[in-house]
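Observations on chain architecture
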Amino acid sequence: MAAFSKYLTVRNSSLAGATFLLLCLLHKRRRALGLHSKKNGKPPLQNNEKEGKKERAVVDRVFFSRLMRILKIMTGYLILIAVMLVSRTYCDVWMIQNGTLIESGIISRNKALFKKPFFKFIAATPMISLVNNFLKFGLNELKLCFRVRLTKYLYEEYLQAFTYYKMGNLDNRIANPDQLLTQDVEKFCNSVVDLYSNLSKPFLDIVLYIFRLTSAIGAQGPASMMAYLLVSGLFLTRIRRPIGKMTITEQKLEGEYRYVNSRLITNSEEVAFYNGNKREKQTIHSVFQKLVEHLHNFILFRFSMGFIDSIIAKYLATVVGYLVVSRPFLDLSHPRHLKSSHSELLEDYYQSGRMLLRMSQALGRIVLAGREMTRLAGFTARITELMQVLKDLNQGKYERTMVSQQEKGAQDIPLIPGIGEIINTDNIIKFDHVPLATPNGDILIRDLNFEVRSGANVLICGPNGCGKSSLFRVLGELWPLFGGRLTKPERGKLFYVPQRPYMTLGTLRDQVIYPDGKEDQKKKGISDLVLKEYLDNVQLSHILEREGGWDSVQDWMDVLSGGEKQRMAMARLFYHKPQFAILDECTSAVSVDVEDYIYSHCRKVSVINSQSLLPVYSYYLHMDGRGNYEFKQITEDTVEFGS
């Protein structure tokens, strides 16, 4: 070990520190460039609570396989921290050896023997402090880098196609994905980095101290400590098993509590009109009480575990250390100290005792790390479940409680999600023997057949729950096809205008060209003058002057009225110029004269739910809500019926 410690000089430590700092700065610059090269997305809030399958959260083979699967996302950072941990351990060993020489010089009353190691210690102090702080800096950077890479990976999967919609509306395995993508990811990254530091450093200490102690007091002492580590570790790991499950429950309850609060904020106006503050107060208090009761039980469990951990991992480990280190000193016939002087005995005991004490402390940290490992198992189970669900949804698979078809008398129709065929063809929408069904298997229409060519206007009508919006979701490929053949243009050539339009964060221009950006507008060759014409088509051009121009940034969901938001959505329709427009009661808050003016500018197919402009349409599709439908051309004899 002395051969290694001689390389720990001021010059070498400075070079190592400078190299590490340079690597950190280069990596930080590269990461900053990478972050600016991609656009950031923000997922919508999850508004549904679902019961998914329960995950096991214990420290076992499955836990380590899950953890390794996640750790593959980052490379290099762990090795960097490992180098600093090795440097830290060598510093500890050197300080023990140098401290022994200093105290030996004091006891022997030899100034020359005291001065040399004393001044070495003073000279090495800045370098040792630099290593310690570089280690802390590296750990914090590792946490941040790990979180950045894991978050970017998850959002790449989450915002791919319509996965964010499918997770909340098709699959019922994940509740509150916002909780998983934010808080759980942060806690997982912090936990795994802390665990890496708390395990790798003690393991390295144990290896080095075993090597040193074996030559000093024999192999029996370190072997006894390792045996104690194995037995105590297995025992504590066994009784800590409930921590993982309790961690999962805690995060789910935290997500529910966040959800009921965000739900009140989102629907505050409706709640205020109903004077429902007392009812909402009861709901929030009920959810919060469930969380408090669980946290209280968790605190009591950790209190009992802390009591056991302190005895086994700290105090009993110290007792074993005393027994081991005292053996060669209390055994008067031990050959090691037959001819040792009093100062030599003190020097040997100090050095061996300190090393054995550090080793016992390292063993204790490993045993205590099992507690954090069990808690980490809970976060790991939730993160890997999220990754698996994202993977399944991106492959077209989802899990949901299905309606029993035997109870509904539909045994002749096997419902398999995604079995239908989608053919992308321009200027036509054709349903060919397509069963219209919800994701949970509830059949609305057994066999849907109709065809619409570009240029024809179709009115879709029927009672609530008959399947109008379900038809739109199938057209938009939000819901799976349970059979038949659907011929339609590609996604970008269909444009859906809902009754409650979405206003994005950004400028007034962004509201018109959404989801395009300013660069996309330039690529399409559409000027701001053309955008103003689109606003003229919906009688909304006055908003330019009122709000301060195209680059004005406002909270458009609050600034625009309901009718203005609907007209803004129609302006988006004119901007994108799709082959087919799906209009879902999109002008319900617009006056009749303005509505007539807007539709006079529409030249593409409009599939809508409103019946107020019946003469505009060429065909109608009527659903009766009992599984029957009628698709016919509108003539002079056609009588208006309820929508």
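Procedures and definitions
Residues numbered from 1 in each chain as written. Predicted model: local features only at pLDDT ≥ 70, side-chain atom pairs only at ≥ 80, totals over all residues. Heavy atoms only, no water. Helix = DSSP H or I, 4+ residues; strand = E, 2+ residues; numbered from the N terminus. Contact = heavy atoms within 4.5 Å. Areas by Shrake-Rupley, 256 points an atom, 1.4 Å probe, with all protein chains shown as cover. Expected span 1.5 Å × (residues − 1). Buried < 20%, exposed > 50% of the residue type's maximum accessible area, 1.4 Å probe, protein only. Pairing = 2+ DSSP bridges. Axes fitted to C-alpha atoms, helices over the stretch in contact; angles between N-to-C directions. pLDDT = per-residue confidence, 0-100. Polar contact = N/O pair within 3.5 Å; in protein donor to acceptor, adjacent residues only side chain to side chain. Patch = residues over 30% accessible without salt bridge, like charges linked within 9 Å, V, L, I, M, F, W, Y side chains within 5 Å. Salt bridge = Lys/Arg side-chain N within 4 Å of Asp/Glu carboxyl O. Core = buried A, V, L, I, M, F, W, Y, C linked by side-chain atoms within 4.5 Å. Parallel < 35°, antiparallel > 145°, perpendicular 65-115°, else oblique. Left-handed = near helix turned anticlockwise from the far one by under 90°. Nonpolar A, V, L, I, M, F, W, Y, C, P; charged D, E, K, R; others polar. Phe/Tyr/Trp six-rings, centres within 6.5 Å; stacked < 30°, edge-to-face > 60°. Lys NZ or Arg CZ within 6 Å of the ring centre and 35° of its normal. Disulfide = S-S within 2.5 Å.

The next subject is the overall build of the protein. In terms of regular secondary structure, the protein is built from 20 helices and twelve strands. Considering only contacts within the protein whose residues lie at least 6 apart along the sequence, 80% involve residues at least 24 apart. Working note: accessible area of the protein is about 34,300 Å², and carbon and sulfur atoms make up 56% of it.

Moving on: helix α19 (residues 562-576). For an α-helix, the turn length of 3.6 residues means that residues three or four places apart are oriented alike. In this model α19 runs 22 Å from its N-terminal to its C-terminal C-alpha over 15 residues, within 8% of the 21 Å that 1.5 Å per residue would give. A large share of α19 lies buried, amounting to 14 of its 15 residues. Looking at the residues trailing α19, positive phi occurs at K577, about 50 degrees.

What follows concerns the sheet that holds strand β1 (residues 421-424). Read across the sheet, four strands follow the order β1-β5-β2-β3 without closing on themselves; strand pairing throughout is mixed. Among the strands making up the open sheet, the edge pair consists of β1 and β3 (443-453). Neighbour to neighbour, the strand axes of the sheet diverge by 20 degrees on average, direction disregarded. Relative to β3, strand β2 (residues 428-437) runs antiparallel, the two being bridged by seven bridges. Note on β3: the bridge partner recorded for L436 is I445.

Of all ten residues in β2, seven are buried, a share of seventy percent or more. Linking two consecutive strands that pair antiparallel, namely β2 and β3, is a turn of five residues; a positive phi of about 95 degrees is found at G441 within it. As paired strands, β2 and strand β5 (residues 485-488) are joined by three bridges and run antiparallel to one another. Bridging across to β5, F431 finds its partner in L486.

Bringing the side chain of T507 into the picture now. Tracing the backbone through its elements, the reader meets T507 in strand β7 (residues 506-507). Residue class for T507 comes out buried when judged on its relative accessible area of 14%. Residues contacting T507, with those up to four places away along its chain left out, are W550, D551, S552, V553 and W556.

Once that is clear, we can look at the confidence of the model for the protein. Overall, the predicted model of the protein reaches an average pLDDT of 78, with 81% of residues at or above 70. Here helix α1 (residues 2-5) is the element of the protein with the lowest mean pLDDT, 40, and β5 is the one with the highest, 94. Per-residue pLDDT stays below 50 along residues 604-612; that stretch engages in 47 contacts with residues further than four places along the chain or on separate chains.

On to the side chain of R173, then. The topology assignment puts R173 in the loop between α6 (163-169) and α7 (177-217). A polar contact of 3.0 Å, which involves the side chain of R173, links it to the side chain of D392.

A separate point is a nonpolar patch on the surface. Residues F307, I311, Y315, L316, V319 and L323 make up a contiguous nonpolar surface patch of roughly 610 Å² in combined accessible area. As for its placement among the helices and strands, V319 is situated in helix α11 (residues 277-330).

With that settled, the discussion passes to the nonpolar core. Counting residues in hydrophobic clusters, the biggest one holds 93 residues, and the most contacted among them are L154, M167, F188, F431, L471 and M623. Element by element, the count of residues in this core is highest for helix α12 (residues 342-394), at 18 residues.

Summed over all chains, the structure comprises 23 salt bridges. Of the charged contacts in the structure, one is a salt bridge between E547 and R546, with a shortest N-O distance of 2.9 Å. Between E564 and R546 there is a salt bridge; the shortest N-O distance is 2.9 Å. In this pair, E564 is assigned in helix α19 and R546 in helix α17 (residues 542-547), connecting sequence segments 18 residues apart.

With that out of the way, let us pick up the environment of L583. Within the element layout of this structure, L583 appears in strand β9 (residues 580-583). Of the residues examined, L583 reaches a relative accessible area of 0% and is grouped as buried. Considering only alpha carbons, one finds L583 and F472, 111 residues apart in sequence, at a separation of 9.2 Å.

Viewed as axis vectors pointing N to C, helix α9 (residues 242-266) and α11 meet at an angle of 160 degrees, and their least axial separation amounts to 10 Å. Of the possible angle classes, the one that applies to α9 and α11 is roughly antiparallel. Taken as a pair, α9 and α11 cross one another with a handedness that is left-handed. Residue composition of the contact of α9 with α11, grouped by class: 14 nonpolar, five polar and six charged.

Cis geometry is adopted by the peptide bond preceding P515, which originates at Y514 and carries an omega value of 5 degrees. Inspection of the secondary structure assignment puts P515 in the loop between α14 (508-513) and α15 (518-524). Phi is positive for H433, close to 55 degrees, though the residue is something other than glycine. Mapped onto the secondary structure, H433 falls in strand β2. Judged by relative accessible area, H433 falls into the partly exposed class, the value being 48%.

Next up on the list: the packing of aromatic side chains. Counting across every chain of the model gives ten aromatic pairs. Plain terms: the ring middles of Y155 and Y158 are 6.2 Å apart, the flat faces sit at 80 degrees to each other, and that makes the pair edge-to-face. In this pair, Y155 and Y158 both sit in helix α5 (residues 111-158), three residues apart, roughly one turn of the helix. The interplanar angle of 10 degrees and the centroid separation of 5.5 Å between the aromatic rings of Y619 and F631 together place this pair among those described as stacked. Here Y619 is found in strand β11 (residues 619-623), whereas its partner F631 is found in strand β12 (residues 629-633), with twelve residues between them in sequence. Accessibility expressed as a relative area gives 24% for F631, which makes it partly exposed. Chaining the aromatic ring pairs together yields one cluster made of F431, F450, Y619 and F631. Positioned above the aromatic ring of F298, the side-chain terminus of R302 is 4.4 Å from the ring centre.

Here we take up the state of the cysteines. Scanning the model with the defined rule gives zero disulfides in all. With no disulfide of its own, C466 has C461 as its nearest cysteine by sulfur position, at a separation of 8.1 Å. For C466, a relative accessible area of 3% translates into the label buried.

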